[in-house]
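A closer look at the structure
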Amino acid sequence: LAPWTFTWSALAITLFLHWFTGGIGICLGYHRLLTHASFRTYPWMRFGFSLLGSLAGEGAAVDWVSDHRKHHALSDQPGDPHSPHDGAWWSHILWIVWRRVSHDRDNYIQRWAPDIARDRAVTSLANLFIPAQVTFGLILMGIGYAIGGAPLALSYVVWGMFVRIVFVLHSTWFVNSASHMWGYRNYTTTDDSRNNWWVALITYGEGWHNNHHAYPRMAAHGH
């Protein structure tokens, strides 16, 4: 539907929400704050970052953090959730298809993210994942309808929700795939992480991936 519902205002909303949910929610919230504890902030802001990350469409924070901590512990070694050593397409998207049964998930979370599991405010968002997406879509629909009627309402939902989530997902996945295959290295690390300028461009600095693997707790995305 995207080509038939395109409007310039919907494109602007898509780009803004890509930054807001992907850049602030995922990169700053899920990644630097929850996964690596790169900085500290107020509980209400921690919850806000987690909510924005949830709206990016990448699942519950506790699962995201577990996968990413395991990635750092076993980066490009057996057990890494998304290493290009298992195939480029596997590292980019196919790994996400694999699902754990419920009891394995509980053990997995307790192994990699017990601190997040104890955060009731953050974990409560896991049960609200789908309702939050629907509510956000209805808000965009209402804004579009108020401004330009049904056609603009549809445009805002298609672009502000679906196109934007696809853009956010692939931006994140390129860090897992492209930034472990192509680019240059500033630091000698035990993995294949690379600094990749075009991945950094669409992920607000996360593409400086070799720098990140050398100093994972650094909060500044620009390093």
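Here's a quick rundown of the structure. (Residues numbered from 1 in each chain as written. Predicted model: local features only at pLDDT ≥ 70, side-chain atom pairs only at ≥ 80, totals over all residues. Heavy atoms only, no water.)

1. Section: the overall build of the protein chain
Regarding its fold elements, the protein chain presents 10 helices and 0 strands. Scanning the protein chain from its N terminus toward the C terminus, one meets helices and strands in the order α-α-α-α-α-α-α-α-α-α. The 223 residues of the protein chain split such that 48% are buried. Relative to all contacts within the protein chain whose residues are 6 or more apart in sequence, the contacts with residues 24 or more apart total 67%. (Helix = DSSP H or I, 4+ residues; strand = E, 2+ residues; numbered from the N terminus. Buried < 20%, exposed > 50% of the residue type's maximum accessible area, 1.4 Å probe, protein only. Contact = heavy atoms within 4.5 Å.)

2. Focus: unusual backbone geometry
Located in the positive-phi region is Asp76, a residue other than glycine, with phi close to 60°. Tracing the chain through its elements places Asp76 in the loop between helix 3 (61–73) and helix 4 (88–92). Look at Tyr204: it is not a glycine, yet its phi comes out positive at around 60°. Mapped onto the fold, Tyr204 is located in the loop between helix 9 (197–202) and helix 10 (209–214). Of the residues examined, Tyr204 reaches a relative accessible area of 33% and is grouped as partly exposed.

3. Side note on the side chain of Ser83
Examined against the element boundaries, Ser83 turns out to sit in the loop between helix 3 and helix 4. Judged by its relative accessible area of 1%, Ser83 falls in the buried class. Of note is the side chain of Ser83, whose polar atom sits 2.9 Å from the side chain of Asp76. When near neighbours in sequence (up to four residues on either side) are disregarded, Ser83 contacts Asp76, Trp90 and Ser91. (Polar contact = N/O pair within 3.5 Å; in protein donor to acceptor, adjacent residues only side chain to side chain.)

4. A short note on the pattern of salt bridges
Tallied over the full model, the rule gives 4 salt bridges. For Asp63, the salt bridge identified is with Arg105, shortest N-O distance 2.8 Å. Remark: Arg105 occurs in helix 5 (residues 102–112) and Asp63 occurs in helix 3; sequence separation between them is 42 residues. On the basis of relative accessibility, which here comes to 29%, the residue Arg105 falls in the partly exposed class. One salt bridge connects Arg69 with Asp115, and the closest N-O pair in it is separated by 2.8 Å. (Salt bridge = Lys/Arg side-chain N within 4 Å of Asp/Glu carboxyl O.)

5. Let's talk about a nonpolar patch on the surface
On the surface, Phe16, Trp19, Phe20 and Tyr204 cluster together into a nonpolar patch covering about 360 Å² of accessible area. Relative to the helices and strands, Phe20 resides in helix 1 (residues 8–35). Owing to a relative accessible area of 30%, Phe20 belongs among the partly exposed residues under this scheme. (Patch = residues over 30% accessible without salt bridge, like charges linked within 9 Å, V, L, I, M, F, W, Y side chains within 5 Å. Areas by Shrake-Rupley, 256 points an atom, 1.4 Å probe, with all protein chains shown as cover.)

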